[in-house]
Amino acid sequence: WGVKPTGIIELGASYASFLDAGNAANMSLLGADLQVNLGPLEAKGEVIAQEFGKNLDESQQAVGYYAQGLYRHGKHYVVARYGSFNDGSAGAEDQGRFSIGNGWAILDNCVLRLEYQSNSAGDDFTTMQVAVGF
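In this text, all values refer to a predicted model and were calculated from it rather than measured experimentally. (Residues numbered from 1 in each chain as written. Predicted model: local features only at pLDDT ≥ 70, side-chain atom pairs only at ≥ 80, totals over all residues. Heavy atoms only, no water.)

A closer look at the side chain of serine 84
Item 1. Here serine 84 lies in strand S6 (residues 76-86).
Item 2. Those residues in contact with serine 84 that lie beyond four places of it in its chain are Val63, Gly64, Tyr65, Asp94, Gln95 and Gly96. (Helix = DSSP H or I, 4+ residues; strand = E, 2+ residues; numbered from the N terminus. Contact = heavy atoms within 4.5 Å.)

Right, here's the structure in full:
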């Protein structure tokens, strides 16, 4: 489900249910998202919850979210994003990731990107890629 109540705001929600081999509901996904576009500035975020093992005595719930800001200037952009995830297992801690990057639109649907990611697990890294969309 999605709705655009104004020219700058988009809201969305989703739900999915999955069956096991015996046709019993075993897993579900529930999500919500928001996007705001203010000319060259874009902000968006999403939260999603997954419940699995629903047909067992104890189900498990995993939850994740992210928030992102992006600023465009001509063919260039800068972006920052923070996300967190918890798999819901006993004693699990939230796993967070912060990233910052920039990009340059080389051609229509072709972008050169450079991004730095800092992860709560400690495996920070930098990537450069050419991304092509069809």
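Picking up after the structure, the text goes on.
Considering the pairing of strand S3 (residues 25-38)
Item 1. With eleven bridges connecting them, strand S2 (residues 9-19) and S3 associate as antiparallel partners. What sits directly across from tyrosine 15, in S3, is leucine 30.
Item 2. Inspection of the sheet shows S3 paired to strand S4 (residues 41-52) by twelve bridges, in the antiparallel sense. Note that in S4 the partner of leucine 30 across the bridge is alanine 49.
Item 3. Turn length for the S3-S4 hairpin, with the two strands adjacent in sequence and antiparallel, is two residues, and the turn residue glycine 39 shows positive phi of about 65 degrees. (Pairing = 2+ DSSP bridges.)

Some words on a nonpolar patch on the surface
Item 1. A cluster of nonpolar side chains, Val47, Val63, Tyr65, Tyr82, Phe98, Ile100 and Tyr116, forms an exposed patch at the surface whose accessible area comes to about 600 Å².
Item 2. By secondary structure assignment, the location of isoleucine 100 is in strand S7 (residues 95-107). (Patch = residues over 30% accessible without salt bridge, like charges linked within 9 Å, V, L, I, M, F, W, Y side chains within 5 Å. Areas by Shrake-Rupley, 256 points an atom, 1.4 Å probe, with all protein chains shown as cover. Salt bridge = Lys/Arg side-chain N within 4 Å of Asp/Glu carboxyl O.)

Points about the environment of methionine 128
Item 1. Position of methionine 128 relative to the elements: it lies in strand S9 (residues 125-132).
Item 2. Taking C-alpha positions, methionine 128 is 9.0 Å from tyrosine 116, a pair spaced twelve residues apart along the chain.
Item 3. Excluding residues that lie within four positions of it along the chain, methionine 128 makes contacts with Leu112, Arg113 and Leu114.

Description of the layout of surface pockets
If you roll a probe as big as a water molecule over the atoms, it shows you where there is empty space left.
Item 1. Roughly 690 Å³ of internal volume is contained in the largest pocket.
Item 2. Lining the largest pocket are 37 residues, with Gln68, Val79, Arg81, Ser99 and Glu115 positioned closest to its centre.
Item 3. Contributions of two or more residues to the lining of the largest pocket are made by S4, strand S5 (60-73), S6, S7, strand S8 (110-119) and S9.
Item 4. No other element matches S6, which puts nine residues into the lining of the largest pocket.
Item 5. Considered class by class, the residues forming the lining of the largest pocket number 13 nonpolar, 15 polar and nine charged. (1 Å grid on protein atoms, 1.4 Å probe; cavity = no way out; pocket = protein on both sides within 12 Å on 5 of 7 lines; lining within 4 Å. Points joined across faces, edges and corners; volume = space filled by probe spheres on them. Nonpolar A, V, L, I, M, F, W, Y, C, P; charged D, E, K, R; others polar.)

Looking at unusual backbone geometry
Item 1. Unlike most non-glycine residues, asparagine 109 shows phi in positive territory, near 65 degrees.
Item 2. Looking at the element boundaries, asparagine 109 is found in the loop between S7 and S8.

A short note on the environment of valine 47
Item 1. If you trace the backbone, valine 47 turns up in strand S4.
Item 2. Relative accessible area serves as the criterion here: at 38%, valine 47 is assigned to the partly exposed category.
Item 3. Distance in space between the C-alpha atoms of valine 47 and alanine 21 is 28 Å, their sequence separation being 26 residues. (Buried < 20%, exposed > 50% of the residue type's maximum accessible area, 1.4 Å probe, protein only.)

Points about the sheet that holds S4
Item 1. Reading across the sheet, the nine strands line up as S1-S2-S3-S4-S5-S6-S7-S8-S9 and stay open at both edges, with antiparallel pairing between neighbours. One side of each edge strand has no neighbouring strand; the edge strands of this open sheet are strand S1 (2-3) and S9.
Item 2. Across eight bridges, the pairing between S8 and S9 is antiparallel. Counted as the bridge partner of glutamine 117 is phenylalanine 125 from S9.

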